[in-house]
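# Secondary and tertiary structure notes
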Amino acid sequence: MPLGLEVTAPAAPDGPQPGAGGRWKLAFDDEFSGTSLDRTKWQLCNPSFRSYCLPWNNELQIFNTATTGNANVRVSAGQLHLVTSKEANGQIYSGMVSTGPWPASFGPAPAGYREFTYTYGYYEGRVRIPRGDGFWPSMWELPASNVGGGGWPDSGEFDVFEIPGNNPTDYHFTAHWGGDGGVCGHPCSPQKATISDASANWHTFGLDWQPTGLTWYLDGKKMGATVTDPGALKDTPFFIIANLSVGGTWPPLKGGPDAGTPFPASMDIDWLRVYQRE
């Protein structure tokens, strides 16, 4: 893509279409058409993570938050590349971007940073993932503040997609909410579909979050069941996240990276967008 070319995002998403007379407005987008990450839109961690962006879930990577020369978050050829790498000492680094409120524990925010949160809308992205044991790429969302009085999972989480690098035809999509019990250890709605190899093919993943339900889309087609449990349908602003994790306790990974896992490897993102209904 030539430098300086203005990119105009479409006026409607690839996924759901509003009812008769309805229209979409583009609330947020990044087409990654430049040569570096737009730090007015993105932070290199997310507010739910700990200092130095140390991960949860027994993951092995540290998310690289370097503001210059960041080898794990790169923009080129009209794409965002979230790259996982392994140092000579065995330490694994990777990339994350999110639009959440900037926490004081992360130090000063970049000049001009503007958080993006929204309540109800459609988050979608065109993505290709890496193949390899232990890779855990995802698009997801978290609330800008805790709701329900107990933190996570009461506050909610929307997973647009999670795909294990060891089996890149398995597409997982889930809503989490609060309380005890259930297959997740709390109420949740894990769903799964078999798709064409997400490491060999680009896919557009999307989640339509409306007051009446949560509905997932793949390449413009509705997937699975709409989640309508009132506990899942949060009425509070959420922010968007995309990242490439490595290892951890998520069962579909069936373990972490091994000697055959290719480093470096990249989760490639053509664009990320959020639409809302007018």
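The structure this text deals with has already been given above.
Described in the following lines is the structure provided in the data block. (Residues numbered from 1 in each chain as written. Predicted model: local features only at pLDDT ≥ 70, side-chain atom pairs only at ≥ 80, totals over all residues. Heavy atoms only, no water.)

## Describing the overall build of the chain
Along its length, the chain carries 0 helices and 16 strands. Compactness check: the chain gives a C-alpha radius of gyration of 18 Å against a globular reference of 19 Å for 278 residues, within 12% of the reference. In the chain, which comprises 278 residues, the share counted as buried stands at 52%. Partitioning the intrachain contacts of the chain with sequence separation of at least 6 by distance along the chain shows that 68% fall at a separation of at least 24. Accessible surface for the chain amounts to roughly 11800 Å². Of this, 50% is attributable to carbon and sulfur atoms. Looking at charge distribution, the chain has the averaged site of its 18 positive side-chain charges lying 3 Å from that of its 27 negative ones. (Helix = DSSP H or I, 4+ residues; strand = E, 2+ residues; numbered from the N terminus. Rg over C-alpha atoms; globule rule 2.2 N^0.38 Å. Buried < 20%, exposed > 50% of the residue type's maximum accessible area, 1.4 Å probe, protein only. Contact = heavy atoms within 4.5 Å. Areas by Shrake-Rupley, 256 points an atom, 1.4 Å probe, with all protein chains shown as cover. Lys, Arg positive; Asp, Glu negative; His and termini not counted. Charge placed at Lys NZ, Arg CZ, Asp CG, Glu CD.)

## So, the pattern of salt bridges
Within this structure, the stated rule accounts for 7 salt bridges. The partner of R128 in a salt bridge is D268, with the nearest N and O atoms 3.1 Å apart. Linking R128 in strand β7 (residues 121-128) with D268 in strand β16 (residues 265-277), this pair joins segments that are 140 residues apart in sequence. Among the residues examined, R128 registers a relative accessible area of 26% and is labelled partly exposed. (Salt bridge = Lys/Arg side-chain N within 4 Å of Asp/Glu carboxyl O.)

## A few points about the state of the cysteines
Taken as a whole and assessed by the stated rule, the structure comprises 2 disulfides. Paired by a disulfide, C45 and C53 hold their sulfur atoms 2.1 Å apart. Judged by the sign of its S-S torsion, about 100°, the cystine formed by C45 and C53 is right-handed. Judged on exposure class, the residue C45 and its partner C53 are both buried. The side chain of C184 participates in a disulfide bridge whose partner is C188; the two sulfur atoms lie 2.0 Å from each other. Judged by the sign of its S-S torsion, about 95°, the cystine formed by C184 and C188 is right-handed. Under the relative-accessibility criterion, C184 is labelled partly exposed at 30%. Look at C188 and you get buried, because its relative accessible area is 14%. For the chain, the bonded cysteines connect in the pattern 1-2, 3-4 when numbered consecutively along the sequence. (Disulfide = S-S within 2.5 Å.)

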